Amino acid sequence: MPFGKTAVSCIPRLSDKRHRWPCSFSSIADGNGEWSPLPSAVFMSSHDGSQACNDLSLNSDQRKMKKGDPVISTEHTAQRAAWFNDPKIRAILYQIAVLGIVGLLGYYLFNNTVENLKRQSIATGFGFLNKEASFEVGESLIPYSAADPYIRALLVGALNTIKVAFVGIVLTIILGTFLGIARLSKNWLVSKLAAVYIEVMQDIPILLQLFFWYSFFYDILPSPAEALEPLNGVFMSNRGLVFAVPEWHPAYPYMAMAFIAGCIAVYFMRRWARKRQEKTGQIFPVFTLSLAIMIGLPLTTWLLAGAPLNMSVPELEGFNFKGGLNMSPEFAALLIGLVLYTAAFVAEIVRAGIQAIGKGQVEAAMAIGLKPGQVLSLVILPQALRVIIPPLTSQMLNLTKNSSLAVAIGFPDFVSVASTTINQTGQAIEGISLIMVVYLCFSLLTSLFMNWYNKKMALVER
Amino acid sequence: MKLSKLWLLVMAVVVAFSGVAFAGPTLDNVKAKGFVQVGVNGELFGFGKPDEKGVWRGLDVDTGRAIAAAVFGDADKIKFIPLTSVQRFTGLQSGEVDVLCRNATQTLGRDTELGLDFAQVNYYDGQGFLVPKKNKKIKRAKDLNGATVCVLPGTTTELNVADYFRENKMKMKPVVIESNAELAKAFFAGRCDVLTSDASQLAGTRAVAPKPDDYIILPDIISKEPLAPAVRHGDNQWKDIVNYAVLAMIEAEELGITSKNIDEQLKSTIPKVQRFLGVTPGNGKALGLDEKWAYNIVKQVGNYGEIFERSVGKDTPLKLERGLNALWKNGGLMYSPPFR
């Protein structure tokens, strides 16, 4: 620490000749917490120095001056405190200066950009968002046609990014947790297989993996006319994976409502069960009953509605399959690539989290008679999650950001749609800023949620 | 690709910071550098692609060489920069290249809102469809309802094909991949039923297919695609040079001057030829170039007919007819104003 060093080395020297310096230091240090590292380093690292300083502060020039000529000295100290040597004001001044410089630089950049664009007569502003996009987008969660404006095309892209990121994150956490636990397995083969997987996946760049999966889809799978049908109603071809889904029926919204009602009932049941256990010590079979309620309620609704069973089965019509649900090769390749890649990192995080818990914890939990499931859910997980969540958040953000590699394999994510928009309108600066803002929003929202969850999971000290 | 995103960002930063880079005439800048930077396709056979020895070949490449020959008297004082369809205009706007010879279609929007200026068209094209022969159901473009269509992003063809399907109340599913090579790979592997692009580009893509004979270009041409070199808006002198470099090749063909017979033509007594070759001075000074500029173009690069035939003509794998690109005297659109 350079501060401590200089202070220590200069104190004895100063104490011999110039008394004013160390004293003004110590007086500032006493008056203001911000400077405290300096004298505390002095006090801690050099006993002689601290003594010298204490002595000096007693016999300081300032005090002598105060006695001799109070008017000048108050004026003097007042001036120094109010303006130049008051660290608080000085800190604020520095901040204002830095902010000013940054502001000026930003203003210069903005002005210069506008000026340059004007000189090159390139259109500026976000007016293009309401113009007709007139290009098609491969897949969309909302109805979209080439007649819609750019803003809707961009929304389609953003929703596609959210779709792949959300499904990807859920699958990654499941697969990653599974792999992380497998890595710690006592079974030699399982643990080594997990280790090999993790090492291989971490070491191959994600872009290469995406190309691999994409070419796997279109090179290996046959054309729709010769599609593979591994299961009844499931077709695999180079146009993607098509599978039968239940046809729309008015009973489905009610089933969804029944499921939500079941979830609420389960929530209150758990609270009641916990309170009862705290009071009486009796354990209520919460898990079994929760499962029964959450499956039973929608099932009863379905049966009451007459058990509709019509399926929308995909059929080959013209160039492609009609009906059913289609998962395009681009989406599938992107999802598989992202999940397999990120899961390797998540597995290491989960392993680290579990290994961070002392062996004694588990032994103690078992000694007081908890079942293995309870040891996991009541002792290991609550503590492990605290270690796992922060790095897991960054992996979730990584997955979301890596999804922009979709451009390479033709999945219409936000970046892909935005770069087409940039090219058709020529407004690169607006387009790039939109990309940055949208990814910033995605990342901040994910962080916000994970930080909230982290706080909830954090150790509550009593 | 992430890379191209980064690249666009860099371009945006360059636009933001550069104060005077675009103010001065491009010609001075080019002369100071000692070479012309030309944005080319890089992946398109017949227009802009290095051959197996690494020598750049193609119609657009030769157009670039003609500009270098006009400016420096040396067609090799040139640097080719491959740009994807998404990068090309940003690359030109930000000063990464001095001129874009990258099979770009001239449109009103690009001419105005993108801040570009298009020179003389060096290839009149139209959008077509490439389909595998084995799919016997497709005879005309109208048979394509419900098809999966491979298309490059950020092109006029991407917009035209959407228009065409909308107009004819047909449905399509686009597969959009930025890299020309990756897109062609996906198409040849059967990911799409049809690949759409400018007809010349389809011919170039088919030429590099694993089995070129398995694919045919449908007879329907659904758009006008005048492909022209582009420069930044506002530097008129530079635009004139690029414009007349292309026109000189057309004029040379019309005058019957080729790279082979040009030295004999120097002795010609026809005033038109004397003016063209700079024997009678005037044209070079007017453009701010050496009086031998047109001579250098034809001598080192060739006339339009020569570069057409060696890049995309009948003896190349593309086997394209002159068609619209014949001289006006032969029923085409290639027409040069008088060189005086």
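Each residue is numbered by its place in its chain's sequence as written, counting from 1. To label them, take the chains in the order written and letter them from A, then take the ligands in the order written and number them from 1. pLDDT decides what is reported in this predicted model: residues at 70 or higher carry local features, side-chain atom pairs at 80 or more are listed and counted, and totals for whole chains, interfaces and linings draw on all residues regardless.

(A) Region of the structure containing the overall build of chain A. What counts as a helix is a DSSP run of H or I of at least four residues, what counts as a strand is a run of E of at least two, and both are numbered from the N terminus. On a plain count of helices and strands, chain A comes out with 18 helices and eight strands. Two residues form a contact once the distance between their C-beta atoms, set from the backbone, is within 7 Å. Counted over contacts in chain A with a minimum sequence separation of 6, partners at least 24 positions apart contribute 67%.

(B) Highlighting the overall build of chain B. Across its full length, chain B holds 14 helices and 14 strands. Against the 2.2 N^0.38 benchmark of 20 Å for 340 residues, chain B shows a C-alpha radius of gyration of 20 Å, consistent with a compact globule. For chain B, the spread of C-alpha atoms along the three principal axes comes to 60 × 50 × 40 Å. Field definition: a residue is buried when 20 or more other C-beta atoms are found within 10 Å of its C-beta, exposed when 12 or fewer are, and partly exposed for counts in between, with C-beta atoms placed from the backbone. Buried positions account for 54% of the 340 residues belonging to chain B. A radius of gyration in this sense is built from C-alpha atoms; the matching globule rule multiplies 2.2 Å by the number of residues raised to 0.38.

(C) Quick look at the sheet that holds strand β8 (residues 325–327) of chain A. Residue and element names in this part refer to chain A. What the four strands build is an open sheet, ordered β1-β2-β3-β8; its pairing is antiparallel. Every other strand in the sheet has two partners, leaving β1 (228–231) and β8 as the edge strands with one partner each. Shown here is a sheet whose adjacent strand axes are inclined to one another by a mean of 25°, direction ignored. Two strands qualify as a pair provided that DSSP identifies no fewer than 2 bridges between them. Where β1 lies against strand β2 (residues 234–237), two bridges are found, and the strand directions are antiparallel. Residue pairing for β2: Leu-231 is matched across the bridge by Val-234. The angle between two axes is taken between their N-to-C directions and runs from 0 to 180 degrees, where each axis is a line fitted to C-alpha atoms and a helix contributes only its stretch in contact.

(D) Spotlight on the confidence of the model for chain B. Residue and element names in this part refer to chain B. The quantity known as pLDDT measures the predictor's confidence residue by residue, on a range of 0 to 100. Predicted confidence across chain B gives a mean pLDDT of 90, with 93% of residues reaching 70 or more. Here residues 19–24 is a poorly scored stretch, pLDDT under 50, and it has eight contacts once near neighbours within four places are set aside; other chains count. Reported confidence for the predicted complex is 0.79 by ipTM and 0.76 by pTM.

(E) Structural view of helix α15 (residues 372–402) of chain A. All names here are of chain A. Compared with the 45 Å implied by 1.5 Å per residue over 31 residues, the 38 Å span of α15 between its first and last C-alpha is markedly short. Taken together, the buried positions of α15 are occupied by Ala-384, Ile-388, Leu-392, Gln-395, Met-396, Leu-399, Thr-400 and Asn-402. Contacts made by the buried residues of α15 are with α8 (150–183), α10 (206–220), α13 (329–355) and α18 (428–457). Expected helix span is taken as 1.5 Å per residue step, with the number of steps being one fewer than the number of residues.

(F) Main features of the interface of chain A and chain B. Taken residue by residue, the interface counts 41 residues in chain A and 47 residues in chain B. Broken down by secondary-structure element, the contributors of at least two residues to the side of chain A that touches chain B are α7 (87–119), α10, α16 (406–409), α17 (414–425) and α18 of chain A. Ranked by residues supplied to the side of chain A that touches chain B, first place goes to α17 of chain A with seven residues. Class assignment of the residues belonging to the side of chain A that touches chain B gives a composition of 18 nonpolar, 19 polar and four charged. Gly is put with the polar residues, along with every residue not named as nonpolar or charged; the nonpolar set is Ala, Val, Leu, Ile, Met, Phe, Trp, Tyr, Cys and Pro, and the charged set is Asp, Glu, Lys and Arg.

(G) Representation of the environment of Leu-385 of chain A in the model. Position of Leu-385 of chain A relative to the elements: it lies in helix α15. Assessed through the 17 C-beta atoms surrounding it within 10 Å, Leu-385 of chain A is described here as partly exposed.

(H) Quick peek at the nonpolar core. In this structure, Leu-334 of chain A together with Ile-67, Ala-70, Ala-245 and Ile-297 of chain B are the most contacted members of the largest nonpolar core, which totals 166 residues. Examining the composition of this core, we find that 15 residues originate from one element, α13 of chain A, more than from any other. Among residues more than four places away in sequence, those in contact with Ile-67 of chain B are Val-36, Val-99, Ile-241, Val-242 and Ala-245 of chain B. Each nonpolar core consists of buried Ala, Val, Leu, Ile, Met, Phe, Trp, Tyr and Cys residues. Their C-beta atoms, within 7 Å, join them into a set.

(I) Spotlight on the domain arrangement of chain B. Residue and element names in this part refer to chain B. Throughout the structure description, domain borders are defined by an automatic or database domain assignment. For chain B, the domain assignment lists domain 1 (2–124 + 227–330) and domain 2 (127–223). The straight-line distance from the C-alpha centre of domain 1 to that of domain 2 is 28 Å. Counting from both sides, the interface comprises 17 residues of domain 1 and, opposite them, 16 residues of domain 2. For the side of domain 1 that touches domain 2, the per-class residue count stands at nine nonpolar, seven polar and one charged.

(J) Local environment of unusual backbone geometry. Residues and elements named next belong to chain B. Unlike most non-glycine residues, Asn-103 shows phi in positive territory, near 25°. Along the polypeptide, Asn-103 turns up in the loop between β5 (99–100) and α5 (108–112). Its identity as a non-glycine residue notwithstanding, Lys-319 has a phi of 50°, on the positive side. With respect to the helices, strands and loops of the structure, Lys-319 is situated in the segment after α14 (304–311).

(K) Spatial organisation of the confidence of the model for chain A. Looking at chain A as a whole, the pLDDT averages 81, with 82% of positions reaching at least 70. Counted against residues more than four places away or in other chains, residues 1–73 of chain A, with its pLDDT under 50, gives 58 contacts.

(L) Layout of the sheet that holds strand β12 (residues 215–217) of chain B. Residue and element names in this part refer to chain B. With mixed pairing, five strands are arranged side by side in an open sheet as β10-β9-β11-β8-β12. The open sheet has two free edges, formed respectively by β10 (172–176) and β12, since each of these has just one partner strand. Recorded for the sheet is a direction-independent mean angle of 30° between the axes of neighbouring strands. Judged from the two bridges that link them, strand β9 (residues 147–151) and strand β11 (residues 194–198) form a sheet pairing that is parallel. Bridging across to β11, Cys-150 finds its partner in Leu-195. Contacts from helix α8 (residues 199–207) reach β8 (127–132), β11 and β12 within the one sheet, and its direction differs from that of β11 by about 125°.

(M) The arrangement of the packing of α10 of chain A against α13 of chain A in detail. All names here are of chain A. Here α10 crosses α13 at 140°, and the two axes come no closer than 8 Å. Taken together, the axes of α10 and α13 lie oblique to each other. Judged by the sense of rotation from one axis to the other, the crossing of α10 with α13 is right-handed. Contacts from Ile-206, Gln-209, Leu-210, Trp-213, Tyr-214, Phe-217 and Tyr-218 in α10 reach Pro-329, Glu-330, Ala-332, Ala-333, Leu-334, Ile-336, Gly-337, Leu-340 and Tyr-341 in α13. Here the residues of the contact of α10 with α13 sort into 13 nonpolar, two polar and one charged. Angular relationships are summarised with four words: roughly parallel below 35 degrees, roughly antiparallel beyond 145, roughly perpendicular across 65 to 115, and oblique for the angles in between. The handedness criterion is simple: a crossing whose near helix is rotated anticlockwise from the far helix by less than a right angle is left-handed, and one whose near helix is rotated clockwise is right-handed.

(N) Region of the structure containing the pairing of β9 of chain B. All names here are of chain B. Burial analysis of β9 places five of its five residues in the buried class, which makes it a mostly covered element. The alternating pattern of β9 places Ala-147, Val-149 and Val-151 and Thr-148 and Cys-150 on opposite faces, both of which are buried. Each parallel crossover has a hand, and the one from β9 via helix α6 (residues 156–167) to β10 is right-handed. Handedness rule for crossovers: strands pointing away from the viewer, path from the first strand over the helix to the second running clockwise, crossover right-handed.

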